[in-house]
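Observations on the three-dimensional arrangement
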Amino acid sequence: MLRAMTWNIRTGGRDAGGADRRDLLVRVVVDQRPDVLALQELRGFDERPAAGPAPAGGLRAAAGGVLADFAGRVGMRPHLARSCFGQPVAVLLRPPLRVLAATRVRRPFHHAAQRVTVATTAGPLTVLSVHLDPYWGLRRRVEAGWVAAALRRAPGELGLLAGDLNTLDPVADHTDRIARLPAAYRRRHLRRDGRTVETRAVARLLAAGLVDLYATAGAPDGGLTAPTRHGGGAEFSGMRLDYLLGTAALAGRVRDCRVLRGGETEYASDHYPVVADLDLDPA
């Protein structure tokens, strides 16, 4: 069984006022022990290591000091995509998963997208960690097209898109949650007419053949991922923005998918993590 997890950790686990939440983040990840971890909002994680000898294994020199330290604490190996405009994203892998390919998706995302392909007993599995534009729905739709194309070019039939898509799903009724938002944030989730809810990025990914793993698992609630009880802000009103989407072949291997709430997840970030258990094994 392989466990996949996605989490927007909010500004690299540090708040503007100086509060450091990274110990909380580490404890949640260690408790869940994912084999594949997609992280978003890794502000400062791409900082270069300080001068001096690298630790055993060379991870600090290879991946940057902050990211390498975090990855080492959770027992995983990192693959980071830097951002031109926003914040980096990463895919972290737990041994013995074997990497077949790893690269940043080379498109001008507001944030970034990282693609990693690993070997499983059912064939190669390609994982994308993605963070779509937070401000403009049309821009998110374009970025969703780039993500769908990156998965289509991946080898094999197993693909997983994990991340903060900053987009409401095209299935639920979002009237109340949009109405609760302050006007400045309401615009992020409405089309230009000021009335129609902006769901086109997720709709485009579903139209490309990806499957909502949370819905596949038959979870009993709406899968709301933001805000957390003690980490949220005015930009959220009880919203589902974080997703695990898979190809049809991967969706057939979902054994469970859930949003992690309670305990330290209420303080560690403004987003809850999403976790799926997949009927796959490392090869």
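Below is a short write-up of the structure. (Residues numbered from 1 in each chain as written. Predicted model: local features only at pLDDT ≥ 70, side-chain atom pairs only at ≥ 80, totals over all residues. Heavy atoms only, no water.)

1. Things to note about the packing of helix H4 (residues 137-152) against helix H7 (residues 200-207)
Put simply, the rule is: Here an angle of 0 to 180 degrees is reported between the N-to-C directions of two axes, which are lines fitted to C-alpha atoms, with helices fitted over the stretch in contact. Here a helix means four or more residues in a row that DSSP labels H or I, a strand means two or more in a row labelled E, and each is numbered from the N terminus. Comment on the angle field: the value is read as roughly parallel under 35 degrees, roughly antiparallel over 145, roughly perpendicular from 65 to 115, and oblique elsewhere. Two helices cross in a left-handed way if the nearer one is turned anticlockwise from the farther one by less than a right angle. They cross in a right-handed way if the turn is clockwise. The contact definition used throughout considers only heavy atoms, calling two residues in contact when any of these lie within 4.5 Å. Put simply, Ala, Val, Leu, Ile, Met, Phe, Trp, Tyr, Cys and Pro go in the nonpolar bin, Asp, Glu, Lys and Arg in the charged bin, and everything else, Gly too, in the polar bin.
The geometry of H4 relative to H7 is characterised by a closest axis approach of 8 Å and an angle of 25 degrees between their N-to-C directions. The orientation of H4 with respect to H7, classified from their angle, is roughly parallel. The two elements H4 and H7 cross, and the hand of that crossing is right-handed. From H4, Leu138, Arg140, Arg141, Val142, Ala144, Gly145, Val147 and Ala148 reach across to H7, where they touch Arg200, Ala201, Arg204 and Leu205. Across the contact of H4 with H7, the residue classes break down as seven nonpolar, one polar and four charged.

2. Observations regarding helix H1 (residues 22-32)
Spacing of three or four residues puts side chains on the same side of an α-helix, whose turn is 3.6 residues. What counts, and what does not: A simple rule labels every residue: compare its accessible area, found with a 1.4 Å probe on the protein chains alone, to the largest value its type can have, and call it buried under 20%, exposed over 50%, or partly exposed in between.
Buried residues of H1: Arg22, Leu24, Leu25, Val26, Val28, Val29 and Gln32, and no others. On its buried side, H1 packs onto strand S1 (2-8), strand S2 (36-40), helix H3 (65-74), strand S11 (254-259), helix H10 (265-268) and strand S12 (274-278). Taken from the residues just after H1, Arg33 is the one with a positive phi, measuring 50 degrees.

3. Regarding the sheet that holds strand S10 (residues 242-246)
The following threshold applies: Two strands qualify as a pair provided DSSP detects at least 2 bridges between them.
Taken together, the six strands give an open sheet; going across it, the order is S5-S6-S7-S8-S10-S9, and neighbouring strands pair in mixed fashion. The sheet is open, and its two edges are formed by strand S5 (99-104) and strand S9 (211-212), each paired on a single side. Pairing of strand S7 (residues 123-131) with strand S8 (residues 158-164), which is carried by seven bridges, proceeds in the parallel orientation. The residue bridging Val130 from the neighbouring strand is Gly163, located in S8. Against the sheet, H4 contacts strand S6 (112-120), S7 and S8, and its axis sits at roughly 165 degrees relative to S7.

4. Details of the nonpolar core
Definition in use: Nine residue types can take part in a nonpolar core, namely buried Ala, Val, Leu, Ile, Met, Phe, Trp, Tyr and Cys, and a core is a set of them joined through side-chain atoms within 4.5 Å.
With 27 residues, the main nonpolar core has Val36, Leu125, Leu160, Leu213, Leu244, Leu250 and Leu278 as its most contacted residues. Apart from residues no more than four positions distant in its own chain, Leu125 is found in contact with Val116, Thr117, Val118, Thr120, Leu158, Gly159, Leu160, Leu250 and Leu280. Among the nonpolar cores identified, the runner-up in size contains 24 residues, and Met5, Ala71, Leu260 and Ala268 belong to it.

5. A short note on H7
Put simply, the rule is: To be clear, the arc concerns the directions from the helix axis to the C-beta atoms.
Within the sequence span of H7, burial applies to Ala201, Val202 and Leu205. Each buried residue of H7 lies within a common arc of 95 degrees when the element is viewed along its axis, so the set occupies one face. On its buried side, H7 packs onto H4, S8 and S10. Just beyond H7, the residue with positive phi is Gly209, at close to 105 degrees.

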